[in-house]
Amino acid sequence: MTDPAIPSAYVRDKRTPTPSRDELRARIPGWGVDLNPADRPSYPKLQYPADTGAHWDFPERQPEKWPRERSIEHAFVTPVFGTAQPPKGLSGVVRKFAYARFSEGRLAHWLLLVAGDRIDAAEHHLRSFASARPDVPATGLRTELTRGGLRSRRGRSDARHHVLDPVVVAGPWLAAAGAAVLGVRKAARALGR
Amino acid sequence: MRAMVYRGPYKIRVEDKPMPVVEHPNDAIVRVTLAAICGSDLHLYHGMMPDTRVGHTFGHEFIGVVEQVGSSVQNLQVGDRVMVPFNIFCGSCWFCARGLYSNCHNVNPNATAVGGIYGYSHTTGGYDGGQSEYVRVPFADVGPVKIPDWMHDEDAVLLTDAAATGYFGAQLGEIAEGDTVVVLGAGPVGLVAAQSAWLMGAGRVIVVDHLQERLEKARTMAYAETLDYDEHDDVVVELKKQTDYLGADVVIEAVGAEADGNVTQQLAGPKLKLQGGSATALNWAIDGVRKGGTVSVVGAYGPIPNAVKFGDALNKGLTLRMNQTPVKRQWPRMFEHVRNGHLTPRQMITHRFPLEEIPEAYHVFSSKLDGCIKPLILPSAA
Ligand SMILES: NC(=O)c1ccc[n+]([C@@H]2O[C@H](COP(=O)([O-])OP(=O)(O)OC[C@H]3O[C@@H](n4cnc5c(N)ncnc54)[C@H](O)[C@@H]3O)[C@@H](O)[C@H]2O)c1
Ligand SMILES: [Zn+2]
Ligand SMILES: [Zn+2]
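Residues numbered from 1 in each chain as written. Chains lettered and ligands numbered in written order. Predicted model: local features only at pLDDT ≥ 70, side-chain atom pairs only at ≥ 80, totals over all residues. Heavy atoms only, no water.

1. Details of the overall build of chain A
Assigned secondary structure in chain A consists of seven helices and zero strands. The helix and strand sequence of chain A, counted from the amino end, reads α-α-α-α-α-α-α. Over its C-alpha trace chain A gives a radius of gyration of 29 Å, far above what one expects of a compact globule, namely 16 Å for 193 residues. Its C-alpha atoms give chain A principal-axis dimensions of roughly 95 × 55 × 35 Å. (Helix = DSSP H or I, 4+ residues; strand = E, 2+ residues; numbered from the N terminus. Rg over C-alpha atoms; globule rule 2.2 N^0.38 Å.)

2. Examining the interface of chain B and chain A
Counting from both sides, the interface comprises 106 residues of chain B and, opposite them, 102 residues of chain A. A:D165 is the salt-bridge partner of B:K271, the closest N and O atoms lying 3.2 Å from each other. Summed over the shared surface of chain B and chain A, the result is 77 residue pairs in polar contact (both at pLDDT 80 or more). For the side of chain B that touches chain A, the element with the highest residue contribution is strand β2 (residues 11-16) of chain B, accounting for five residues. Across the side of chain B that touches chain A, the residue classes break down as 43 nonpolar, 36 polar and 27 charged. (Contact = heavy atoms within 4.5 Å. Salt bridge = Lys/Arg side-chain N within 4 Å of Asp/Glu carboxyl O. Polar contact = N/O pair within 3.5 Å; in protein donor to acceptor, adjacent residues only side chain to side chain. Nonpolar A, V, L, I, M, F, W, Y, C, P; charged D, E, K, R; others polar.)

3. Quick word on the packing of helix α5 (residues 188-199) of chain B against helix α6 (residues 212-222) of chain B
Residue and element names in this part refer to chain B. At their nearest, the axes of α5 and α6 sit 10 Å apart, and the two run at 30° to each other. With respect to their mutual orientation, α5 and α6 come out roughly parallel. In terms of crossing hand, the pair formed by α5 and α6 is right-handed. Residues P188, L191, V192, A194, Q195 and W198 of α5 lie in contact with α6, whose contacting residues are R214, K217, A218, M221 and A222. Of the residues that constitute the contact of α5 with α6, the class distribution is eight nonpolar, one polar and two charged. (Axes fitted to C-alpha atoms, helices over the stretch in contact; angles between N-to-C directions. Parallel < 35°, antiparallel > 145°, perpendicular 65-115°, else oblique. Left-handed = near helix turned anticlockwise from the far one by under 90°.)

4. Digging into unusual backbone geometry
Between A:Y43 and A:P44 the backbone carries a cis peptide bond, its omega angle lying at -15°. Looking at the secondary structure, you find A:P44 in the loop between α1 (21-27) and α2 (89-101). Positive phi outside glycine occurs at B:D244, with the angle close to 60°. With respect to the secondary-structure elements, B:D244 resides in the loop between α7 (235-242) and β13 (248-253). Exposure remark for B:D244: the relative accessible area of 24% places this residue in the partly exposed category. (Buried < 20%, exposed > 50% of the residue type's maximum accessible area, 1.4 Å probe, protein only.)

5. Description of the site of ligand 1
Residue and element names in this part refer to chain B. Lining the immediate environment of ligand 1, one finds 31 residues, of which S40, D209, R214, V255 and V298 sit closest. V189 places a polar main-chain atom, nitrogen or oxygen, 3.1 Å from an oxygen atom of ligand 1. Contact between ligand 1 and R214: an oxygen atom at 2.8 Å from a side-chain N or O atom of the residue. Here ligand 1, which alone exposes 870 Å², has 96% of that area covered by the protein. Looking at the shell around ligand 1, the elements that each hand over two or more residues are α1 (39-45), α5 and β11 (204-209). With three residues, α1 is the largest single contributor of residues to the shell around ligand 1. (Near = heavy atom within 4 Å. Areas by Shrake-Rupley, 256 points an atom, 1.4 Å probe, with all protein chains shown as cover.)

6. Some details on the coordination of the zinc ion (ligand 3)
Residue and element names in this part refer to chain B. Around the zinc ion (ligand 3), the protein contributes the donor atoms C90 (SG), C93 (SG), C96 (SG) and C104 (SG), at 2.3 to 2.4 Å from the metal centre. Mapped onto the polypeptide sequence, the residues donating to the zinc ion (ligand 3) form the spacing pattern C-x2-C-x2-C-x7-C. Residue C93 is classed as buried on the basis of its relative accessible area of 8%. The exposure class of C96 is buried, given its relative accessible area of 0%. (Donors = N, O, S within 2.8 Å, 3.2 Å for Na, K, Ca; no water.)

7. Overview of the pattern of salt bridges
Taken as a whole and judged by the stated rule, the model has 38 salt bridges over all chains. B:D249 is paired through a salt bridge with A:K14; the nearest N and O atoms lie 2.7 Å apart. Residue B:D249 is found in strand β13, and its partner A:K14 is found in the segment before α1; the two belong to separate chains. Accessibility expressed as a relative area gives 38% for A:K14, which makes it partly exposed. The closest approach of N and O atoms between B:E174 and B:R321, which form a salt bridge, is 3.4 Å. Within this pair, whereas B:E174 is found in the loop between α4 (162-172) and β10 (180-184), its partner B:R321 is found in strand β15 (residues 319-322), the two being separated by 147 residues in sequence. With a relative accessible area of 40%, B:E174 lands in the partly exposed category. If you follow the salt bridges from partner to partner, you end up with A:R68, A:E69, A:R95, A:D117, A:D120, B:D51 and B:R53 in one network.

8. Side note on the environment of A:G30
You can see A:G30 is positioned in the loop between α1 and α2. Considered as a pair, A:G30 and A:K96 are 66 residues apart in the sequence and their alpha carbons are 52 Å apart. Residue contacts for A:G30: discarding those within four places in its chain leaves B:L199 and B:H342.

9. Digging into the sheet that holds strand β14 (residues 289-297) of chain B
All names here are of chain B. Strand order in the open sheet formed by six strands is β12-β11-β10-β13-β14-β15, with parallel pairing between adjacent strands. In this open sheet, the two strands that pair with only one neighbour each are β12 (225-228) and β15. Pairs of neighbouring strands in the sheet enclose a mean axial angle of 20°, with direction left out of account. As defined by bridge partners, β14 adjoins β15 across four bridges and the pair is classed as parallel. Looking at the pairing, T294 lines up with T319 of β15. Those strands touched by α5 are β10, β11 and β13, and its axis lies near 170° from that of β11. (Pairing = 2+ DSSP bridges.)

10. Here we look at the side chain of A:R68
Residue and element names in this part refer to chain A. With respect to the helices and strands, the residue R68 is situated in the loop between α1 and α2. Relative accessible area serves as the criterion here: at 5%, R68 is assigned to the buried category. There is a polar contact of 3.0 Å between the side chain of R68 and the backbone oxygen of G82.

11. Section: the nonpolar core
Residue and element names in this part refer to chain B. Among the nonpolar cores identified, the biggest contains 106 residues, and M83, L159, V205, I358 and Y362 are the most heavily contacted of them. Counting only domains with at least three residues in this core, you end up with domain 1 (2-161 + 326-378) and domain 2 (167-322). Excluding anything up to four places from it in sequence, V205 contacts V181, V183, A194, A197, W198, A224 and E225. Residues V208, V251, A259 and V289 belong to the second largest nonpolar core, which totals 22 residues. (Core = buried A, V, L, I, M, F, W, Y, C linked by side-chain atoms within 4.5 Å. Domains from an automatic or database assignment.)

Shown next, in the form of structure tokens:
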């Protein structure tokens, strides 16, 4: 016998035996009902379902009402697709370029799409300021008061970087506002000259 | 109709939107009666998912009533009460024919690397989702299932994603009898993964998180041991100690790309967006599992690269298994488990918000305020 102080990893068998089936069944409802690995829904990974409900070999094609942006790794626009938020404005140009030029394998594809997202948000924020519902840097914040913002974070390690959130969220807004003020001043000075 | 709408990172509101219409003969329009916010929605909400457009309606966990069906729909009728898997899938492509419903090739023109998902940005197909009064459900003959009479609506809505993903995550772990299973993340997905690990014969289940109410839920709902990573300087070393220096036989990663616990990863990922996200939990999984063990990843990562410790995975001879959940494939068996009380998804619901208050719901769930584990959304037309 080896010294029992030597941990399991250094000897042949686990030193602490697992509790018996009966013990586990008594403690945990349903313990072991899926014990057989070969009898679980996702085993084997590839399996042919008897009936998926599909009654076609290839689905009928949904009408394409505008040239739908698509990954160039696809042979064509898939027969079914979402029609929410068609590309528009400058963000739309960036997005369409990202799809047309770069495959999913290229980082540029994704970085352009992220850039498109930021432009899209900026376009909408600007427009919202001229509307009855101007955007704000973040929503739902009143729950900080009504749902215990402070109490809920007490002792949590992530609270340390939560203090960064206002900077991450409002920072770009402050920068944009600053730039706008400077721009207006410059323009005013140019006009005054 | 009223619908949740994205306005940019950290900004959502409720707007009037046009009703969805039948765009394909196998479409149905479903009036949503109950929806939920998923941990995955937080990645969109934080602006981490490329091609998330302003105006997009999120929501891939929902149940409802069929309002209208397209001309080729055979299996559903107006008035049927249905639960809708979060995957949109055709049932007939190469992938669907082999049961890979979450990897369908016929529903997402925007990307080949991911299938179709309701309300999950254009990267998963550009479909508006179910955090609204009505939603377009493509391939109505393939995805939705009528809710069994005996099933509670709140279990049904969780079976459309969170619960199915927990159960799937445990299967990916290839658990053998007596295995020590570590679950990273005590969110809705991790909690059900922990419950499921027992069903597959685990000898020990340890759940890791740092939110007290969630760890408490892991003990009461999933009979698990728990580990608060805030209490340990190095959680991997603690896991090694607790497993007699072997490491866990199986680690299930149910956290995803916004993992906490490492400042550099948090800053480079979610905060500054210099990488796709934070790979802290994935790296803990790789380092915490034993050599020759299995890491199951159901935590979500996007298409932008992450700093993952791949060399450790290689040198340890690990098996890495992962996917988006093919939800419908899980259902027949899961229905039995829910009916027998072996899986109890609705035990983790903590909050119910009317659709009009969804901006509040997102902030509470995202910042983990008020002990929130799982929030449901009640649409006004319901
Ligand atoms: N594969 C799929 O099909 C699929 C489906 C649903 C959800 N998901 C993903 O699963 C993940 C979990 O979803 P959820 O709804 O439970 O989310 P959630 O945000 O409610 O839970 C995540 C939990 O992880 C904890 N956590 C953070 N960092 C951690 C760390 N380093 N170690 C351990 N725990 C940590 C958090 O405190 C939180 O409790 C998300 O990434 C989500 O996108 C994937
Ligand atoms: Zn989800
Ligand atoms: Zn398919």
